[in-house]
Number of protein chains: 2
Amino acid sequence: MSLTHAPAGAVRQGSLRELNLALVLGRIAMADRPPSRADLATATGLTRATVSAVVEDLLAGRLVSESDPAPRSGAGRPARGLVLADQGPAGLGLEVNVDYLAVCVVDLAGQVRHRTVHRADLRPVAPADALARLVEMAGAAREDAARRGLTLVGAALAVPGLVDDAGLVRLAPNLGWRDVPVPALLAEHPPMIEQVPGIPALTVDNEANLAALGELHSLPPGPSSFLHISGEVGIGAGIVLDGALFRGVRGWSGEIGHLPVHPEGRPCRCGGQGCLEQYAGQEAIVAAAGLARAELPADTATARLAELAEAGDADALRALHDAGTALGVAVAGVVNLLDLDTVVLGGGYAALAPWLCPPVLAEIGARVLTAAWSPVTVRPSTLGAEAAAVGAAGSVVRRIVAQPAGWLARAG
Amino acid sequence: MSLTHAPAGAVRQGSLRELNLALVLGRIAMADRPPSRADLATATGLTRATVSAVVEDLLAGRLVSESDPAPRSGAGRPARGLVLADQGPAGLGLEVNVDYLAVCVVDLAGQVRHRTVHRADLRPVAPADALARLVEMAGAAREDAARRGLTLVGAALAVPGLVDDAGLVRLAPNLGWRDVPVPALLAEHPPMIEQVPGIPALTVDNEANLAALGELHSLPPGPSSFLHISGEVGIGAGIVLDGALFRGVRGWSGEIGHLPVHPEGRPCRCGGQGCLEQYAGQEAIVAAAGLARAELPADTATARLAELAEAGDADALRALHDAGTALGVAVAGVVNLLDLDTVVLGGGYAALAPWLCPPVLAEIGARVLTAAWSPVTVRPSTLGAEAAAVGAAGSVVRRIVAQPAGWLARAG
DNA sequence: TCTATTTGTTCAGCGATTGAATTATTTGCC
DNA sequence: GGCAAATAATTCAATCGCTGAACAAATAGA
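All figures in this text were calculated on a predicted structure; none of them were measured in a lab. (Residues numbered from 1 in each chain as written. Chains lettered and ligands numbered in written order. Predicted model: local features only at pLDDT ≥ 70, side-chain atom pairs only at ≥ 80, totals over all residues. Heavy atoms only, no water.)

Trainee: Which parts of the structure should I look at to understand the pattern of salt bridges?
Mentor: Residue and element names in this part refer to chain A. According to the stated counting rule, one finds 32 salt bridges over all chains in the structure shown. Close ionic contact of Glu66 with Arg80 constitutes a salt bridge, the shortest N to O distance being 3.4 Å. Within this pair, whereas Glu66 is found in strand β1 (residues 64-67), its partner Arg80 is found in the loop between β1 and β2 (81-84), the two being separated by 14 residues in sequence. The network of salt bridges with shared partners includes Arg37, Glu66 and Arg80. (Salt bridge = Lys/Arg side-chain N within 4 Å of Asp/Glu carboxyl O. Helix = DSSP H or I, 4+ residues; strand = E, 2+ residues; numbered from the N terminus.)

Trainee: Got a minute to help me understand the protein's contact with DNA strand C in this structure?
Mentor: Close to DNA strand C lie 25 residues; Thr50(A), Ser52(B), Gly76(B), Arg77(B) and Arg80(B) are nearest. When the atoms of DNA strand C within 4 Å of the protein are sorted by group, sugar and phosphate make up 71%. One of the backbone N or O atoms of Arg37(B) is found 3.1 Å from a phosphate oxygen in DNA strand C. Here Gly76(B) contributes a backbone N or O atom positioned 3.1 Å from a base oxygen of DNA strand C. Sorting the residues of the surface near DNA strand C by element identifies α1 (13-30) and α3 (48-60) of chain A together with α2 (37-44) and α3 (48-60) of chain B as the ones contributing at least two each. No other element matches α1(A), which puts four residues into the surface near DNA strand C. Residue composition of the surface near DNA strand C, grouped by class: eight nonpolar, 10 polar and seven charged. (Near = heavy atom within 4 Å. Polar contact = N/O pair within 3.5 Å; in protein donor to acceptor, adjacent residues only side chain to side chain. Nonpolar A, V, L, I, M, F, W, Y, C, P; charged D, E, K, R; others polar.)

Trainee: What am I meant to see in the environment of Pro89(A) here?
Mentor: All names here are of chain A. As for its placement among the helices and strands, Pro89 is situated in strand β3 (residues 88-96). Judged by relative accessible area, Pro89 falls into the buried class, the value being 1%. As for Pro89 and Leu59, which are separated by 30 residues in sequence, their C-alpha atoms are 13 Å apart. Residue contacts for Pro89: discarding those within four places in its chain leaves Arg62, Leu63, Leu108, Leu150, Thr151, Val153, Ile400 and Trp407. (Buried < 20%, exposed > 50% of the residue type's maximum accessible area, 1.4 Å probe, protein only. Contact = heavy atoms within 4.5 Å.)

Trainee: Would you explain the packing of aromatic side chains in this entry?
Mentor: For any two aromatic rings, the description comes down to two numbers: the centre-to-centre distance and the angle of the planes. Tallying each qualifying case throughout the model produces one aromatic pair over all chains. Measuring from ring centre to ring centre gives 5.4 Å for Trp252(A) and Trp373(B), while their planes differ by 65°; the resulting arrangement is edge-to-face. Separated into two different chains, Trp252(A) in the loop between β13 (244-246) and α7 (277-280) and Trp373(B) in the loop between α11 (348-367) and β15 (377-380) make up a pair that spans both. For Trp373(B), a relative accessible area of 27% translates into the label partly exposed. (Phe/Tyr/Trp six-rings, centres within 6.5 Å; stacked < 30°, edge-to-face > 60°.)

Trainee: Where do I start with the sheet that holds strand β4 (residues 100-107) of chain B in this structure?
Mentor: Backbone hydrogen bonds are what pair the strands of a sheet, in a parallel or an antiparallel way. All names here are of chain B. Strand order in the open sheet formed by five strands is β5-β4-β3-β6-β10, and the pairing between neighbours is mixed. Sheet topology places β5 (112-119) and β10 (202-206) at the edges, where each strand pairs with a single neighbour. With direction set aside, neighbouring strand axes in the sheet form an average angle of 20°. In this structure, strand β3 (residues 88-96) lies alongside strand β6 (residues 150-159), joined through eight bridges in parallel fashion. In the strand pairing of β6, Leu92 is matched with Ala155. Here helix α6 (residues 207-218) sits on the sheet in contact with β3, β6 and β10, set at roughly 100° to β10. (Pairing = 2+ DSSP bridges. Axes fitted to C-alpha atoms, helices over the stretch in contact; angles between N-to-C directions.)

Trainee: What is the right way to look at the pairing of strand β9 (residues 177-181) of chain B in this model?
Mentor: Within a regular strand, the side chains alternate between the two sheet faces. All names here are of chain B. In the sheet, strand β8 (residues 168-172) pairs with β9 via four bridges, with the strands oriented antiparallel. By the bridge assignment for β9, Val169 is matched with Val180. Between the antiparallel neighbours β8 and β9 lie four residues, among them Gly176 with a positive phi of about 80°.

Trainee: Looking at this model, I keep getting lost on the nonpolar core. Mind explaining?
Mentor: Generally speaking, a soluble globular protein has its nonpolar side chains buried in company with each other. If you look at the biggest cluster of nonpolar residues, it comprises 100 residues, and the most contacted ones within it are Ile256(A), Leu338(A), Ile229(B), Ile256(B), Leu338(B) and Leu345(B). Non-local contacts of Ile256(B), meaning those with residues more than four positions away in its chain, are made with Leu337(A), Leu227(B), Ile229(B), Ile235(B), Gly236(B), Ala237(B), Leu276(B) and Val334(B). (Core = buried A, V, L, I, M, F, W, Y, C linked by side-chain atoms within 4.5 Å.)

Trainee: What's the story with the interface of chain A and chain B in this structure? I'm lost.
Mentor: Interface extent is often summarised as the accessible area lost during association of the parts. Each partner contributes residues to the interface: chain A has 72 residues there, and chain B has 72 residues. A combined buried area of about 6500 Å² lies between chain A and chain B, and 64% of that area is made up of carbon and sulfur atoms. Here chain A and chain B share two salt bridges between them. For Arg250(A), the salt bridge identified is with Asp339(B), shortest N-O distance 3.1 Å. Applying the counting criterion to the chain A and chain B interface returns 17 residue pairs in polar contact (both at pLDDT 80 or more). Listed by contribution, the elements that provide at least two residues to the side of chain A that touches chain B are α1, β8 (168-172), β12 (235-241), β13, α10 (314-338), α11 (349-367) and α12 (387-402) of chain A. (Buried area = accessible area lost by both parts, 1.4 Å probe.)

Trainee: I'm lost on the relation of the copies chain A and chain B in this one. Help?
Mentor: Expressed as a screw transformation, the operator carrying chain A onto chain B has a rotation angle of 180° and an axial translation of 0.0 Å, and the superposed copies differ by an RMSD of 0.1 Å. Here the symmetry operator amounts to a two-fold rotation axis. (Least-squares fit on C-alpha atoms with pLDDT ≥ 70 in both.)

Trainee: Explanation requested: the sheet that holds β15(B) in the structure shown.
Mentor: All names here are of chain B. Strand order in the open sheet formed by five strands is β13-β12-β11-β14-β15, with mixed pairing between adjacent strands. Sheet topology places β13 (244-246) and β15 at the edges, where each strand pairs with a single neighbour. On average, each strand axis in the sheet is tilted by 25° relative to the strand beside it, whichever way the strands run. Note: strand β14 (residues 342-347) against β15, four bridges, orientation parallel. The residue bridging Thr342 from the neighbouring strand is Thr377, located in β15. The strands touched by α6 within the sheet are β11 (226-231), β12 (235-241), β13, β14 and β15, with β11 carrying the most contacts at an inclination of about 125°. Docked against the sheet, α11 engages β11, β12, β14 and β15, running at close to 150° with respect to β14.

Trainee: How do you make sense of unusual backbone geometry when you look at a structure like this?
Mentor: A negative phi angle characterises most non-glycine residues, just as the trans form characterises most peptide bonds. Residues and elements named next belong to chain A. The phi angle at Asp179 is positive, at roughly 50°, despite the residue not being glycine. Position of Asp179 among the secondary structure elements: in strand β9 (residues 177-181). Asp179 gets classed as partly exposed once you look at its relative accessible area, which sits at 42%. For Asp242, which is not glycine, the phi dihedral falls at a positive 50°. Mapped onto the fold, Asp242 is located in the loop between β12 and β13.

Trainee: When you look at the packing of α10(A) against helix α10 (residues 314-338) of chain B in this model, what are you seeing that I'm missing?
Mentor: Packed helices, taken two at a time, are described by the angle their axes make and the gap between the axes. Two numbers describe how α10(A) lies on α10(B): the axes approach to 11 Å, and their chain directions differ by 80°. As far as their axial angle goes, α10(B) and α10(A) are roughly perpendicular. On α10(B), the residues that touch Val334(A), Leu337(A) and Leu338(A) of α10(A) are Val334(B), Leu337(B) and Leu338(B). Residue composition of the contact of α10(A) with α10(B), grouped by class: six nonpolar, no polar and no charged. (Parallel < 35°, antiparallel > 145°, perpendicular 65-115°, else oblique.)

Trainee: What exactly am I supposed to notice about the environment of Pro183(B) here?
Mentor: Residues and elements named next belong to chain B. The residue Pro183 is located in helix α5 (residues 182-187) in this model. The class of Pro183 is partly exposed, set by a relative accessible area of 30%. Spatially, the C-alpha atom of Pro183 lies 8.1 Å from that of Val204, the residues being 21 residues apart in sequence. Setting aside residues up to four positions removed in sequence, Pro183 forms contacts with Ala166, Gly167 and Leu202.

Trainee: Can you help me understand empty space enclosed by the protein in this one?
Mentor: Leftover empty space is mapped by rolling, across the atoms, a probe with the size of a water molecule. Summed over the entire model, instances satisfying the criterion amount to six cavities of 30 Å³ or more. By volume, the largest cavity amounts to about 50 Å³. In terms of lining, the largest cavity is formed by Leu259(A), Pro260(A), Val329(A), Ala330(A), Leu259(B), Pro260(B), Val329(B), Ala330(B) and Gly333(B). Of all the elements in the fold, those that place two or more residues in the lining of the largest cavity are α10 of chain A together with α10 of chain B. With three residues, the single largest contributor to the lining of the largest cavity is α10(B). Residue classes in the lining of the largest cavity are distributed as eight nonpolar, one polar and no charged. (1 Å grid on protein atoms, 1.4 Å probe; cavity = no way out; pocket = protein on both sides within 12 Å on 5 of 7 lines; lining within 4 Å. Points joined across faces, edges and corners; volume = space filled by probe spheres on them.)

Here it is as C-alpha cells:
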C-alpha cells in the first residue's frame, strides 16, 4: 500500500522544522549536483523563504556547506551550490568477520575517510577479546577522524550471524559465537562515539544486511530496491526496499542460503535438505571444482577459482555453472515473490560474477513470470571487501541525514 | 532501516493539521475500546487542547461519532468515547473471478455493509461485458449504501492475475484475460463513486494481494506482518509488512506459486520446472486424490476433498499431506527470507487447513533456522469466500483513515 | 453538601511557514 | 559602457496551528 507513512508520534510545532530539515538535507544528499536554495524550493515545494531559513540552520550546524556555483547558462544572479559537509558528524563502521576485523569512518557525503583492517583468524579468539581489539582500532579511527574535523556520532557493528533487536548475537556459526551480548561487552570500554539525541550509540546487525546497505550507498542516490547476495561460507541476502533495509519481523530476514533448491538433496547443517548453501556456498563450489577445501583460506580460494575459470579449466567452469544454476533457482523464487528488478552479487560472489551471472540469468528467464515484461538485472557488487563495515558506517550516516535535528540540537 | 519515514513532500503549515488528523483518526481506528479525548492525548503525545480541536474537525466531517461513555471506575467527569462513524465515507470493493462477480461496501469501521455475489462462469465472457455487469451491481450497491448514509469515495477491483501500476491487467490466465485496460473500460460507464481529493477513484490489484488485506482487516487492529497464501487454481501470496501490503517494484510481488519445490520435477506452464503450483495447486491436489479434474467446479471439489479427508479416505489424506509438504518447503523458504511470524492459509486452502497445517509446520520446523527461538504460526483465514472483494473495499477505507484531510476538505 | 478527581474547553502566546516586496548579482543587448 | 531583463536570496508582516495554563463540567466518595 505504501501510503504516505506519517511520522509515528505526535506532530508538534517543532516537528515541522525537524521534518523540513530532514526533507531539505535529504534532497541535498540525493542530488546529483549541488542544488541551489531555489532548486531545493522547487524540488520540495517549500517556499524559498523557508528553504533559506532551513539551510541557514544546516549551515550553522555544519551539516552542509556552500560550494562553487554550479555552472548555468542564461542571465541572473548565480546560485550558490549546497553540498553535504565534509566536516561535522560521521559514522563509525565496525566489522567482525571470520578472518579479519575492520573499522572505517564514513562522512555525511558517504565518503570513506578512514579504514583499518586487521587480518587474523578470529575463530579461536573469545568474543570479548575480539571486541576489545576492535575498540582499540576504533579509538585510533576516532583520533584520525577528529584531525579531519569529523565527530563520530554513532557506531554500527557487522557480524556474520543472527542478531536480535537488542544487539544480542544469537548465533554466528562460522565465527563460533553463540548468545554474545555485544552491547554489554562494549559498554565495559570507554565510549567510542559522542552521543547525540536520536542517533543510537551502537547498533549490531547481520553482515549481509549491512553489505547490502553499503551497496545502496555506492549507487546513484535515491530510493531503489534490490537483492544483495553475499556469497561467503554461508549465503546471506540483504533485501533493500525503496532505499531502506528490510529486516523482517524480528530482524532475521535474508536467510537465502537455506532456500531449498534440491528438496531431496544433500542434508544441510540447518536440518533441512538440499539447501542452496550446499550447492552454491563457497565451500561447495571450491570442492566441486576439485580444490581441496582446507588448502586455502576463503578469499584466496575464490581468487584461485577465478584464475582457473579465466584459464578455461573445465572443472572450475562446470562448478561455477552448477553453482550459478542453483543460485538462479533460488533467486528466481525470490524475484517471483518480491518482484525485484535488480540482483547484486556481493562478497565472494563479486569476483566470480562473470561466470555466475549467465546461469543465474538463464534460470530467471525460465522461471520468472514477469521477466518478459520487465527484465531483471544481475550484476556484481561495486564494493570490495569489508563492504559490511562501510555499510555499517553508512547506516549511521543515513540516520543523521534522516534525522538532522538531534545533531543540530547538540551542536548549536 | 525503517527510519521514521517522513512525509514524502513538503511539510507546510497545513500539513501539520493533516498529519495530526490522520494520527488521531488512526488511533481511534486501532483502539480496542472507544477512547476519550484524554486517552488520545496521552496516546499520541498531543495536548488535550489540540486533540479537542482535531476531534472537532473529525466530528464535523462525520468521520467519527461520540459513543456512550466507556465505563470507568473512580471519580471524575465521565469521558465521551469516540468511535469511527457508521455513516459517512465508505469503500467499494469489486471482484472478478473465474466463477463469480462480487461487490461489497465496507464502512470506516471495517464492517461489511453490503454484499452482492453473482455466480457465473466468466471465462467465456468478454472483459468489457464482465465489467459492465460489475458496474451494474456497483450501482445497486451505491444506492443501498446511500440509504444507509454511506458515500462511496473510492473503488478497488480484485482480479486473479498480474496487474501493473496503471491498472492494466497484463495476464489473468485462469480468466483468459490478456492486456485488459480496466480503467479505460470502466471510464465508459458513469462513475461509481464520488471523487475525493487524495483517494484514487479506482485501483486494480491482484486478488491474492487484496485477500491478504482483507485478512489484515479481520485481525485485531494495529500493524502486523504475515504471509497470506491463496490456494486456488494458481497459488498467490499477499505479503503484509507492518500493516501495509508489499507490492514489489512494479506491483507484481507474491508469485509464490512458481517457487521451485522440485527443480527437476514436473514442467510448469510458466516455463520452469517443479513449481509449487504443480504440487499444491488445487488441480494437482484433486488429481492426486483421485478425483477427476473436470468432474466438479473448483469450490465443490475442495469441499468434496475435505469430506473425504474427514471420512479418513487414504488417497485424499495422502494427497493433502504431499501438497502440505510441498507448500511447507516453499513457505519455509519465504520465512527464512523474510522472517515472518505468521502464515495464513486462505482461499481454497482455508477449508483444507486442518490437513495442510501439520506438514507445513513440520517443514518449517525442519528448515527454518530461527524457528527454535521464534515460533511460526500457521492458521486458516478467518474470512470466507470473496475475501478479495472485502479486502479491496477495505483498502479504500484504509486510505481514508490514513488521509482524512481529503474527505474533510470536500465534505466541510 | 463538599472535596477530590478527571474530562473537556477557552484563550493568550509563540514558533514556523507563507507570499509579496526588496535587495543582490549576473547576462545580454543597444 | 550603460541599462534592462533575469535569476537568486533575504526581509517582514500576516496567518495557521500547537502549547500550556487556567477554567468549566461532571461524577464518586466522604
